[in-house]
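Chain by chain, the residues:
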Amino acid sequence: MNVETIKSGKCPVCGSNEVYDNRGTNQTADRKYISVSAMYSFSVEAFVCMNCGYFKEFITDESMKNEKLKEKVKEKWNKTSSGKIG
Ligand SMILES: [Zn+2]
């Protein structure tokens, strides 16, 4: 995957390196988890460009390695496909 994202430390919008994230901090973000079921939730990390204000949230790598969590998502959520809204 060669898509450039803000995760690289470089803002994909303005090209600035003034990118900060809340990984590994004692987050007090208003959105730290996204519930999938009673048992499972994604943990979320946020990135912001201090130059242009571009802001992006990602599911953490840790959550993406959780196969049971991912199975739950496939069970509970809709698979996104184009041209089939409603
Ligand atoms: Zn930027």
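Now for a look at the structure at hand. Given the structure is predicted, the values throughout are model-derived calculations rather than measurements.

**As for the environment of Lys-7**
And then number 1: Of note, Lys-7 is situated in the segment before β1 (19-21).
And then number 2: Owing to a relative accessible area of 30%, Lys-7 belongs among the partly exposed residues under this scheme.
And then number 3: In this structure, the C-alpha to C-alpha distance between Lys-7 and Ala-46, residues 39 residues apart in sequence, is 9.5 Å.
And then number 4: Leave out the neighbours within four places in its chain, and Lys-7 touches Glu-45, Phe-47, Phe-58, Ile-59 and Asp-61.

**What to know about the coordination of the zinc ion**
And then number 1: The zinc ion binds to the protein through Cys-11 (SG), Cys-14 (SG), Cys-49 (SG) and Cys-52 (SG), with metal-donor distances spanning 2.3 Å.
And then number 2: Around the zinc ion, the four donor atoms sit at angles spanning 106 to 115°, and that spread fits a shape best called tetrahedral.
And then number 3: Sequence spacing of the donor residues for the zinc ion, all on one chain, is C-x2-C-x34-C-x2-C. Of this pair, Cys-14 sits in the segment before β1 while Cys-49 sits in strand β3 (residues 41-49), and the two are 35 residues apart along the sequence.
And then number 4: For Cys-14, a relative accessible area of 36% gives the class partly exposed.
And then number 5: A residue is classified by how much of its surface remains accessible, and Cys-49, at 1% relative accessible area, is buried.

**Observations concerning the side chain of Thr-60**
And then number 1: Mapped onto the elements, Thr-60 comes out in the loop between β4 (55-59) and α1 (61-64).
And then number 2: With residues near it in sequence (within four places) discarded, Thr-60 still touches Ser-43, Val-44 and Glu-45.

**Observations regarding the packing of aromatic side chains**
And then number 1: Taken as a whole, this structure holds two aromatic pairs when the rule is applied.
And then number 2: Judged by centre distance (5.9 Å) and plane angle (70°), the rings of Phe-42 and Trp-77 are edge-to-face. With a gap of 35 residues between them, Phe-42 in strand β3 and Trp-77 in the segment after α2 (67-76) connect regions that are remote in the sequence.
And then number 3: The class for Phe-42 is buried, based on a relative accessible area of 8%.
And then number 4: On the accessibility criterion, Trp-77 (41% relative accessible area) is partly exposed.

**Quick word on the environment of Lys-72**
And then number 1: Inspection of the secondary structure puts Lys-72 in helix α2.
And then number 2: With 33 residues separating them along the chain, Lys-72 and Met-39 place their C-alpha atoms 9.4 Å apart.
And then number 3: Setting aside its immediate chain neighbours within four residues, Lys-72 contacts Val-36, Ser-37 and Tyr-40.

How each quantity is defined
Residues numbered from 1 in each chain as written. Predicted model: local features only at pLDDT ≥ 70, side-chain atom pairs only at ≥ 80, totals over all residues. Heavy atoms only, no water. Helix = DSSP H or I, 4+ residues; strand = E, 2+ residues; numbered from the N terminus. Buried < 20%, exposed > 50% of the residue type's maximum accessible area, 1.4 Å probe, protein only. Contact = heavy atoms within 4.5 Å. Donors = N, O, S within 2.8 Å, 3.2 Å for Na, K, Ca; no water. Tetrahedral: all angles 85-135°; square planar, octahedral: opposite > 155°, others 65-115°. Phe/Tyr/Trp six-rings, centres within 6.5 Å; stacked < 30°, edge-to-face > 60°.

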